[in-house]
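# Close look at the chain arrangement
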Amino acid sequence: MAQHDGTADSVDRLFRMYGPKLEHFVAQIIHDSEAARQLVQDIFLSLHQRLLDPSARPLEYPQAFLFKVAHNRACDYLRRRSSSPLQFGIDEERTSRVPDPAAGPEESALLRETLQSISDVLDELPENQRRVFVLGQIENIPRPEISSRLSLTPKAVDHLMTRALKTLRKRLRERGVDLNALGTGDGERGPQ
Amino acid sequence: MRFGSRNPDTVEEEADRWALRIRGESLTDAEHAEFLHWLHANALHARAFEQRCTLLAWVCELKSHPEFGHAKWRTNPASDGSRRIARGWLIGVAAAASIAVIATGIAFRYDLSPASHYETHVGEMRVVRLSDGSTATLDTATRMEWKNGEREREVNLVSGQALFDVAHDPAKPFIVHVGKTTIRVTGTRFDVYRYGADDIWLTVVQGVVEVSGPGTSTEAAWRRLIHAREQVVYRSERVITDVHSVTSNRALKWMDHELDVEDESLGDVIHELTRYTAAPIILQDPSLAQIRIAATFDLRDVSGALTQLQSIARVKLVRKGASYVISGPSDIGSQLSPRSTDSQQ
């Protein structure tokens, strides 16, 4: 029972921290806020059931995990609604199952390394790209505010943001970080 | 590859742009249509988009990570030596953090505790998962009791408002007691609102609901059957507004933290807003209550809603101690005709 409560608590905490953000993310992809709310609820419900399993390890990278699952569920939803279900390149089994959120030790080390690489690469970004990117993507500051804070036009903010993402991708690839293989410790990889 | 004729560079850049836009401001219908068109156009697009989403999710992970949360890139002052910008950035972080705290206070709570009493504070909204698999979404200042009995599932709505999504179970009816009245269903979606001490508003979203006044189930004082997209207003002794259809899901706007008012009196609007704030809202002149209002308010920001009312209803708002006091503007107060609709839409 103690474990049950602990699990509910931690799921509750995660929901409060990331629920609204995930809902926005899913709603943006599927353009239906009511369905997005349901999808996100479902994600947390399955997460709760998953964590009740006594062999489950704690969720090490909750945000990356949740967004990954949210992306998959959102695309799954679009695919089911779409009249042309062809083009997603995501196989049925992968999106419909709930991945194991607990990473094995080996996997965990790899993910930590990835995080280190992202942190390093961010640090090396040209100053103006880094500022815009960190404000927008890490601190979640809306674009108009970034633009007034850094005295840049909204267009310049967009431009620097896109440039930053491109640079980030390029540098990560140079360091041998394979974005296609970037999992979340859940074995939920793209098809090879 | 077989589909698009685009060169790989363009695809990569388009994917960057879409992934950033999806994480940014809300897309319009047209923009979303454009996004879907792009996403469906080529399997490579979907793959590239997924890749970006994954990367950006990992980027977000940095902030809360114990090890990287304080990494250099966060506080690194501008290398061009611009202290002004460096400071603005730190202040911004502090502001963002405090906003986040406020926001989580009123965000949905996800609750799986086995307790049978549920309560929300003023301004709180919470989703409760009941032990039979049904869910109840409780709006502000709501009290509810739950019992999963042998033969019946029972809720007692003591105060406030709740939307029920009832898990289908024909063998075990789901019953909601509100005062002396009873709502009985097997599996459906409906909203119950206890308005003041007596009035109860019942809106059915899906399925069929039976509602009855005091008395045994065969000899109730009154009884109604409500279908999807219908609403009824009643008290324990009688029906006030009989079953009528509702065109929109307006009764459920509270789920989006919205109060959508088409043509209602200022008095009713204040009554609604009062549910979402602990601060009393006082109408200095009772005749002001008659002013008609059409507007949409954000229930998470009652003070903002009242400020909005200032221009919509042409009233004056003053904060006195813990209360809000609304008065007619002294210069035109005498001309203020109670029925005039001065909504500025």
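Just so it is clear, the structure is predicted and the values come from calculations on it, not from any experiment.

It is worth spelling out the overall build of chain A at this point. Per the secondary structure count, chain A includes 8 helices and 0 strands. Overall, chain A shows an N-to-C arrangement of helices and strands of α-α-α-α-α-α-α-α. Every one of the 192 residues in chain A was classed for burial, and the buried ones make up 55%. Restricting to contacts in chain A with at least 6 residues of sequence separation, those with at least 24 account for 69%.

To continue, consider the overall build of chain B. What chain B contains, in helices and strands, is 7 helices and 20 strands. Restricting to contacts in chain B with at least 6 residues of sequence separation, those with at least 24 account for 45%. Carbon and sulfur atoms provide 51% of the accessible area of chain B, an area that totals close to 16,800 Å².

Evaluation of the coordinates by the stated rule reveals 28 salt bridges over all chains. Across the pair E13(B) and K166(A) runs a salt bridge, and its minimum N-O distance is 2.8 Å. On the criterion of chain membership, the pair formed by E13(B) in helix 1 (residues 8-22) and K166(A) in helix 8 (residues 154-174) is interchain, its members lying in two chains. What makes E13(B) partly exposed here is its relative accessible area of 27%. A residue is classified by how much of its surface remains accessible, and K166(A), at 35% relative accessible area, is partly exposed. Look at the salt bridges and you will find they share partners, linking R169(A), E12(B), D16(B) and R52(B) into a network.

Residue and element names in this part refer to chain B. Per-residue pLDDT for chain B averages 75, and the proportion of residues at 70 or more is 77%. Mean pLDDT across the elements of chain B ranges from a minimum in helix 5 (residues 83-106), with 26, to a maximum in helix 2 (residues 29-41), with 90. Note that pLDDT drops below 50 for residues 75-115; the model gives that stretch 68 contacts with residues more than four away or on any other chain. Here residues 331-345 is modelled with pLDDT under 50, and outside its nearest four sequence neighbours on either side it reaches 21 contacts, counting other chains as well. Overall fold confidence for the complex sits at a pTM of 0.47, while the interface term, ipTM, reaches 0.83.

Okay, the state of the cysteines next. The tally for this structure, following the rule as stated, stands at 0 disulfides over all chains. With no disulfide partner, C75(A) has as its closest neighbouring cysteine sulfur the one in C53(B), 7.3 Å distant.

Right, let's get into helix 7 (residues 302-312) of chain B. Count 3.6 residues to each turn of an α-helix, and residues three or four apart come out pointing the same way. Residue and element names in this part refer to chain B. Listed in full, the buried residues belonging to helix 7 are V302, A305, L306, L309 and I312. Down the axis of helix 7, the buried set is contained in an arc of 115 degrees. They therefore lie on one face. Positive phi appears at R314, one or two residues downstream of helix 7, with a value of about 55 degrees.

So, on to the sheet that holds strand 9 (residues 181-185) of chain B. Residue and element names in this part refer to chain B. Pairing is mixed across the open sheet formed by 7 strands, whose spatial order is 2-5-6-8-9-12-13. Every interior strand has two partners, whereas the edge strands, strand 2 (117-119) and strand 13 (223-226), have only one. On average, each strand axis in the sheet is tilted by 20 degrees relative to the strand beside it, whichever way the strands run. As paired elements, strand 5 (residues 143-148) and strand 6 (residues 153-159) share 6 bridges and run antiparallel to each other. Its bridge partner lying in strand 6, M144 is registered against L157.

The rules behind each value
Sequence order as written defines the numbering, with residues in each chain counted from 1. Chain A is the first chain written and ligand 1 is the first ligand written, with later ones labelled in order. For this predicted model, a pLDDT threshold of at least 70 governs which residues receive local features, and a threshold of 80 or more governs which side-chain atom pairs are given and counted, while totals over whole chains, interfaces and linings are taken from all residues. As a rule here, side-chain values cover all heavy atoms of the structure and leave hydrogens and water aside. The way it works is that DSSP assigns letters per residue, a run of H or I at least four long becomes a helix, a run of E at least two long becomes a strand, and they are numbered from the N terminus. For the exposure calls, accessible area comes from a 1.4 Å probe over protein chains only, and a residue counts as buried if that area is under 20% of its type's maximum, exposed if over 50%, partly exposed in between. Whether two residues touch is decided by their heavy atoms; if any such pair falls within 4.5 Å, the residues are in contact. For the accessible areas, the method is Shrake-Rupley and the probe is 1.4 Å, while residue cover comes only from the protein chains on display. Salt-bridge detection follows one rule: a side-chain nitrogen of Lys or Arg within 4 Å of a carboxyl oxygen of Asp or Glu. What pLDDT reports is the predictor's confidence in each residue, on a scale of 0 through 100. Pairs of cysteine sulfur atoms within 2.5 Å are identified as disulfides in what follows. Each direction from the helix axis to a C-beta atom contributes to the arc, which is the arc of those directions. Two strands form a pair only when DSSP identifies at least two bridges running between them. Orientation is described by axes fitted as lines to C-alpha atoms, over the contacting stretch for helices, and by angles from 0 to 180 degrees between their N-to-C directions.

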